[in-house]
Amino acid sequence: MIVSKKDIPNLLDKMIAEYEVIAPVKKDNFTVFKPVASGTDAVVGEGNTKLPAKELFFPQSEKLFSYSVTEEGTKLEAPMDDKKKVLFGVRPCDARSLKLLDNVFDNDKFQDPYYLTRRENTVMVGIGCNSPASTCFCTSVNSGPFDTSGLDLLLVDTGDAYVVELITEKGKALADQAGLTAASDADKTAAAAAKEAAVVTCQVNTDGLKAKLDVNFYDPIWERIHEKCLGCGACTYLCPTCHCFDIVDDAVDCTGCRVRNWDSCAFPLFTLHGSGHNPRTSNKERYRNRIMHKFKYFVDNFNEIGCVGCGRCIKNCPVNMDIRVVLENIRGSEARLDS
Amino acid sequence: MMKNPYLPLPMKLVKNFTETEDKLIHTFTLQFLSEEDEKSFPYMPGQFAELCVFGKGEAPFGIASSPTEPGFLKFSVAKVGTVSTALHMMEEGSIVGVRGPLGNYYPVDQFKGKNVVIIGGGFAFTTLRSLATYMMHPDRRGDFGKITVIYGARNPGLLLYKDELAAWEASPDIDLITTVDREAEGWNGRVGFIPAVTGEVAPSAENAHAIICGPPVMIKFTMPVLEKLGFTPETTIMSLENRMKCGIGMCGRCNVGGKYVCKDGPIFTRAQLNELPNEY
Amino acid sequence: MQAIAAQVKEAAKKLLEDKKVDLVVGFAEGSLPLRGTPFFARTPEEANQLTWNRGCENNLANFLRKREGKVAVVAKGCDVRSIVALTKENQIDRDNLYIIGVPCDGMVDRKKVGKLLGGKEVLEVVDQGDTIVLKGNGFAETAKLADLLHNSCIDCRYGNPVVYDELIGTLMPEKAEEDFAEIKAFEAKTTAERRAFMTEEFSKCIRCYACRNACPMCYCTECFVDCSQPEWIGKSAANVQDNILFQAVRVFHSAGRCADCGACERACPMGINLRLLTRKLVKDVKVLFNAEAGVSMDDKAAMATFAADDPEPFLVKE
Ligand SMILES: Cc1cc2nc3c(=O)[nH]c(=O)nc-3n(C[C@H](O)[C@H](O)[C@H](O)COP(=O)(O)OP(=O)(O)OC[C@H]3O[C@@H](n4cnc5c(N)ncnc54)[C@H](O)[C@@H]3O)c2cc1C
Ligand code: SF4
Ligand code: SF4
Ligand code: SF4
Ligand code: SF4
Ligand code: SF4
Ligand code: FES
C-alpha cells in the first residue's frame, strides 16, 4: 500500500477519530512522542526522538494505584490505560526495544498489567531509516534500518510517498480502515531501492563479546572503563531498553497513590541494602552492571542482546562515554568505528 | 484479566510485639480479612512478601510464620528505615498491605528422608523459624531425619522467638543449640560465635542439607566450617537479601549476575551462587 | 589548537616520565565531532592520547576531589576556578596537584551547531581558527567561531587560569566586566512570567541528575534529593514544582562556589537553561558580597566566611 507524504496529516486525522495517535512532535531542538490533536502537529521522518518509545508504555512516572484506608475499609483503585492507540512514526530500533522489554514485563512468573495493556492496545506504525545517523549501530545488534520486529506497519520513504508494508493482521486492519491504496510495482521497486541505499555506516563488532563478558567480571579493565563516567541517569533514562524503576508512595496519611518512577543502576542508592551494605560500592561496579546487563545477562536470560543500537546514550552522555568504544575496549579488538 | 502483582492484600495487624530487648525488632502478626484472601496467599517456608504501610511505602520481609499455622502471617522486622519504622509505630487493629507470596522457597521436597541442619545468626532467623516449624508439624515430622538448629545472637536479649526456643529445647523432635557472642548475666547456654559453635557441634554432613542465614561475616566464616564437615556446594543452601522493590523481576535492582534474587531466589544453593558474581 | 595539543601531550609525558605525578587528567579525542572526552593517562604512552580542541567542554575539577597520589590536570580557566574553590573546601590538596594551565577563549556549543544546521548531522569539522567548517552528508558550512561558543564562554572573564604550575599557550587580554544582561532581563519580568518560564523549562527535566553529577561543586555524600528520611522532595519527574525545587536548592547550595563554568547546563540531555539560575546567584553573590568564586587563592569563600560586618541585606525587610 502507499500514502503520499502530503496526505500524512489527513491520514493521521482519520486515525485520530478512532485512536489516540502518538507521533513525534517538535520540542526545542529535538522531537518527542506526544499524542497529537491534529495530523499537522506530527513531524514524521526526523531522526530518533529524544526520549525513547518505552515512555509511552512504561512512563517515567506512573500511578500504579490509588488507595484510601478508612474505617469503612481499604479501597484500592488501579487505573488501566486501555485506550486504543496508534504509535505513528516510530523507528525500527525503538519498536524492537519493546519486543525486548516484553521479555521483562511478561516474564516467566509475572505480568505487568500496565505495560502489557498498553502494548496490546497500540498499533505500531514504524518508519524505516533511509539515512541512518553516524551513531546508529542497529545492524550490529541483530537489527537494521528496516527491521520490522515489533511493528505492525512499516513505512518506507520513496521520496514523495511512503510505501506501507503490512507486517501483522493488526497493521493490515489499520491500513484497511484508513483506506490506503495499493502500491504499484514501480512504488515497490522504489521502496526496495530505498532500503538498498540505506547504509548503516557504523559497525560494532560483537563477535566474541559475550564469551569475553562470560569470564571478565573481575577483569582489571573495569577499573579504567568507568573512570570518566559521572554516574548520572542520562544514558539509562534515554535508553529504550532500560527498564529499572523505583516504587514510592505519594500520600497524605492514608489516602494517596503508589507510584513508580524510572530508576537507574548508575545510582548508588539503587542497590543500597537496609543494613547499609552495598553490593555495588562504586561507579566501577555500577557501570559494569550496565554493560553486563545489556550484553551478557540479557543474552543469558532472553537470548537477545539488550541494546538496539539507537545511539541515544552516545549522543547524550555528558562525558562522551561511547558504548561502542567501551565494547571495543572490552573485546580488546581494533577500532571499527569507520563512520 | 491478568493478575495485578502490584496490588497489596489488606490485612489486619493483630499483634505488634516487641521481640528483642533493644526494642529494634518487632514481630507483627497479621490476620487475613477473609478466607478468600487466605486462599489467595498460598506460601511455603523461605518465601517473602512486600509489606506496605499506606502512605509510607513498601519493603520486603521474609515470612516468619509457617503454612502449617493457618489464619495469619508473621513477620519480624528490624527498624532501619521508612517502612520498618512506620510498621513499628503501628497500632494493633490497623491495616497493613501485603503483597506476595514472592520468591522461591526452601527445597523441602529434597529434604525428605534427609537430616537438616539450620544455622541462623542475628535477626535473619525469620524464614528459618518458618522452615523449622513447617518440618516439625506432626503431619510432616516423619518425612525428615534429624533436625538440628544452631542459632546465635550477640546477646540473649537479641534472640528471637524465646518462648518457642524454650519449647524446642524441650522437644525430642529437634536438636536446638543456642549461643551468644559473649558471657551474659543469666545466660547458662553456650557462648561463642556461630562458626566456632558449628565446628564444636559438628553436625554430620552424611545424608544432610545445611541451610544458613545471617550477616555476611557470619556466613563468610561459617562456610569453611561447613565445607570441612563435608557439606558440598550442592547441599549448602542460603537465602539472599538484596535490596528489592518490585519483587517480581522487573524493577531491576536485585540482580546478582543475570539472576533476580526476588524472582529466581531468594534461596540459592552455594553451587548456584558459585556461578554468579559476588554482588550480594 | 594543534600546537597546544602537542604541548599538552609533551608536558604530560614529561611529568609521567619523571614520575612527578602518577596520573594526568586531561582530554582525549572524543568519538564524535567537536567532542573531547575526559581521559586519564598513567603512562607516557597513554599521554600520547591527550589532546586539546574546541570540544574539551567538561570541567575536569570534577575528577580531582579526594584523589590519592600526585595528580596533574590539564585545566582551562573555569576548571582552575573550580579547583581553587575546591581547594578552599579541602576537597583538593593543592600540594598534590600539578596544574597544566591552558588559556581558553571558549569551547563550542554543539547545541548551537545543531540549531545552525537545523538538525543535520555533522560528520567532520575543520577548525580554521576564527571560523569552523562543519561538514556532513552533502553539505559543508562555514560558521564563525564566535557564533558557536557556549554562552558561558562568551561571558567568561577568566579564560586565563588564575593559578597554574605550568602554562601552555599564551595568556589572553583581559575582557571587560560582564553586565549580566540576560539575568537583569529575567529579573525584570513579573513573577507570573518568571514562573511560566520556569514551569515550561523544567517540564523537560527527567531527573537524571547529570547536572548535579557534572558539577565539580556538587559532591555531598548524600544529596538532599536522594534522602529518604526525611524525604525533602518528591522523586518523580512528573512534578514540575519538585523539579524546580531541586534546581533551586542545588543553585543555592552552590552560591558563592559556582564558577559559572556551565558544566551543568552542558551536561543536561534535555537542553534546559540551567545557567539562568546559576548565573542569578553568581550575580547576587557579586553584587551583595563583591565576591567571585575561585578567582584567587587568597579570597575567602563568600558564603563560608563569617564577618561581623556582613551587610546581610536579606535579613532586612524592605
Ligand atoms: C528477601 C528479603 C527478606 C527480608 N527479610 C527481612 C526480615 O525478615 N526482617 C527484616 O527486618 N528485614 C528483612 N529484609 C530487609 C528489609 O527489606 C530492609 O531492611 C528494608 O530496607 C527495610 O525497609 P525500610 O523502608 O524500613 O528501609 P529504607 O527506608 O528503605 O532504608 C533502609 C536503610 O537504607 C538506606 N537507604 C535506603 N534508601 C535510602 C535513601 N533514599 N537515601 C538514603 N539512604 C537510604 C538507609 O541507610 C536506611 O537506613 C529482607 C530483605 C529481603 C530482600
Ligand atoms: S555513561 Fe555518561 S550518561 Fe551514562 S551514567 Fe556515565 S556519565 Fe552519565
Ligand atoms: S545502550 Fe545506548 S545504543 Fe543501546 S539501546 Fe540503549 S541507548 Fe540505544
Ligand atoms: S540494570 Fe541498568 S542497564 Fe539494566 S535495565 Fe536497569 S538501568 Fe538499564
Ligand atoms: S553550578 Fe554549574 S556552572 Fe556552577 S560550578 Fe557547578 S557546574 Fe559549573
Ligand atoms: S541534567 Fe537536566 S534533565 Fe537531568 S536532572 Fe539536571 S536539569 Fe533535569
Ligand atoms: S525486586 Fe525488582 S527485580 Fe527484583
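Because the structure is predicted, anything quoted here is derived from the model rather than measured.

Rules used in this analysis
- Residues numbered from 1 in each chain as written.
- Chains lettered and ligands numbered in written order.
- Predicted model: local features only at pLDDT ≥ 70, side-chain atom pairs only at ≥ 80, totals over all residues.
- Heavy atoms only, no water.
- Helix = DSSP H or I, 4+ residues; strand = E, 2+ residues; numbered from the N terminus.
- Lys, Arg positive; Asp, Glu negative; His and termini not counted.
- Charge placed at Lys NZ, Arg CZ, Asp CG, Glu CD.
- Near = heavy atom within 4 Å.
- Nonpolar A, V, L, I, M, F, W, Y, C, P; charged D, E, K, R; others polar.
- Contact = heavy atoms within 4.5 Å.
- Buried area = accessible area lost by both parts, 1.4 Å probe.
- Salt bridge = Lys/Arg side-chain N within 4 Å of Asp/Glu carboxyl O.
- Polar contact = N/O pair within 3.5 Å; in protein donor to acceptor, adjacent residues only side chain to side chain.
- Domains from an automatic or database assignment.
- pLDDT = per-residue confidence, 0-100.
- Disulfide = S-S within 2.5 Å.
- Axes fitted to C-alpha atoms, helices over the stretch in contact; angles between N-to-C directions.
- Parallel < 35°, antiparallel > 145°, perpendicular 65-115°, else oblique.
- Buried < 20%, exposed > 50% of the residue type's maximum accessible area, 1.4 Å probe, protein only.
- Arc of directions from axis to C-beta.
- Pairing = 2+ DSSP bridges.
- Right-handed = clockwise from strand over helix to strand, strands pointing away.

## A closer look at the overall build of chain A
The helix and strand inventory of chain A stands at 11 helices and 11 strands. When the 41 basic and 47 acidic side-chain charges of chain A are each reduced to a single mean position, those positions are 4 Å apart.

## With respect to the site of ligand 6
Residue and element names in this part refer to chain C. Cys205, Cys208, Tyr209, Cys211 and Cys268 are the nearest of the 14 residues found near ligand 6. Among the secondary structure elements, those contributing two or more residues to the shell around ligand 6 are α9 (210-214) and α10 (240-253). The class makeup of the residues in the shell around ligand 6 is 12 nonpolar, one polar and one charged.

## Topic: the interface of chain B and chain A
With 41 residues of chain B at the interface, the matching set in chain A holds 49 residues. In total, chain B and chain A occlude about 3600 Å² of area from one another, counting both sides; carbon and sulfur atoms represent 59% of this. Where Arg258(A) meets Glu58(B), a salt bridge forms, and the shortest distance between an N and an O atom there is 3.2 Å. Inspection of the region where chain B meets chain A yields 23 residue pairs in polar contact (both at pLDDT 80 or more). Listing elements by their share of the side of chain B that touches chain A, those giving two or more residues are β3 (48-53), β4 (57-62), β6 (95-102) and α8 (261-264) of chain B. Considering each element in turn, the side of chain B that touches chain A owes the most residues, three residues, to β6(B). Here the residues of the side of chain B that touches chain A are counted per class, giving 19 nonpolar, 11 polar and 11 charged.

## Topic: the domain arrangement of chain A
Residues and elements named next belong to chain A. Parsing chain A into structural domains produces domain 1 (2-197) and domain 2 (209-332). One C-alpha centre belongs to domain 1, the other to domain 2, and the line joining them spans 25 Å. With 37 residues of domain 1 in contact, the opposing surface of domain 2 contributes 38 residues. Taken together, the connections running from domain 1 to domain 2 amount to four salt bridges. Across the pair Glu304 and Arg96 runs a salt bridge, and its minimum N-O distance is 3.0 Å. At the junction of domain 1 with domain 2, the criterion picks out 22 residue pairs in polar contact (both at pLDDT 80 or more). Only β4 (61-70), α2 (92-105) and α3 (113-120) provide two or more residues apiece to the side of domain 1 that touches domain 2. Taken together, the residues of the side of domain 1 that touches domain 2 sort by class into 19 nonpolar, 10 polar and eight charged.

## Some thoughts on the site of ligand 5
Around ligand 5, the neighbouring residues are Cys215(C), Arg250(C), Cys258(C), Ala259(C), Asp260(C), Cys261(C), Gly262(C), Ala263(C), Cys264(C) and Thr278(C). Taken together, the residues of the shell around ligand 5 break down into six nonpolar, two polar and two charged.

## What about the domain arrangement of chain C?
When the parts of a complex come together, some accessible area is lost, and that lost area is often taken as the interface size. For chain C, the assigned domains read domain 1 (1-106 + 159-175), domain 2 (111-145) and domain 3 (177-318). The centre of domain 2 of chain C, based on its C-alpha atoms, is set 32 Å off from the matching centre of domain 3 of chain C.

## Remarks on the confidence of the model for chain C
Confidence along chain C averages 92 in pLDDT terms, with 97% of residues attaining 70 or more. Interface confidence in the predicted complex, given as ipTM, is 0.93; pTM for the same model is 0.93.

## Side note on the state of the cysteines
Applying the stated criterion across every chain yields a total of zero disulfides over all chains. Looking at Cys202(A), it has no disulfide partner, and the nearest cysteine sulfur is the one in Cys136(A), 8.3 Å off.

## Side note on the packing of helix α8 (residues 191-202) of chain C against α10(C)
Residue and element names in this part refer to chain C. Interhelical geometry of α8 versus α10 gives an angle of 100° and a closest axis separation of 9 Å. In terms of orientation, α8 lies roughly perpendicular with respect to α10. Facing α8, whose interface residues are Met198, Thr199 and Phe202, α10 presents Val240, Asn243, Ile244 and Gln247. Along the lines of polarity and charge, the residues of the contact of α8 with α10 split into four nonpolar, three polar and no charged.

## Focus on helix α6 (residues 194-201) of chain B
Residue and element names in this part refer to chain B. Buried residues of α6: Ile194, Pro195, Val197 and Thr198, and no others. When α6 is viewed along its axis, its buried side chains cluster within an angular range of 165° and face the same direction. Buried positions along α6 lie against β7 (115-121), β8 (147-153), β9 (175-180), β10 (190-191) and α7 (216-229). Phi for Ala202, located one or two positions after α6, is positive at around 45°.

## Quick word on the pairing of β8(B)
All names here are of chain B. Burial within β8 is extensive, with seven of its seven residues counted as buried. Burial of β8 is two-sided: the residues Ile147, Val149, Tyr151 and Ala153 facing one way and the residues Thr148, Ile150 and Gly152 facing the other way are all buried. Sheet analysis places β7 next to β8, joined by six bridges and oriented parallel. Each bridged residue has a counterpart across the sheet, and for Gly121 the counterpart in β8 is Gly152. Following the chain from β7 across helix α4 (residues 126-136) to the adjacent parallel β8, one finds a crossover that is right-handed. Pairing of β8 with β9 involves six bridges; the strand directions are parallel. Bridging across to β9, Val149 finds its partner in Leu176.

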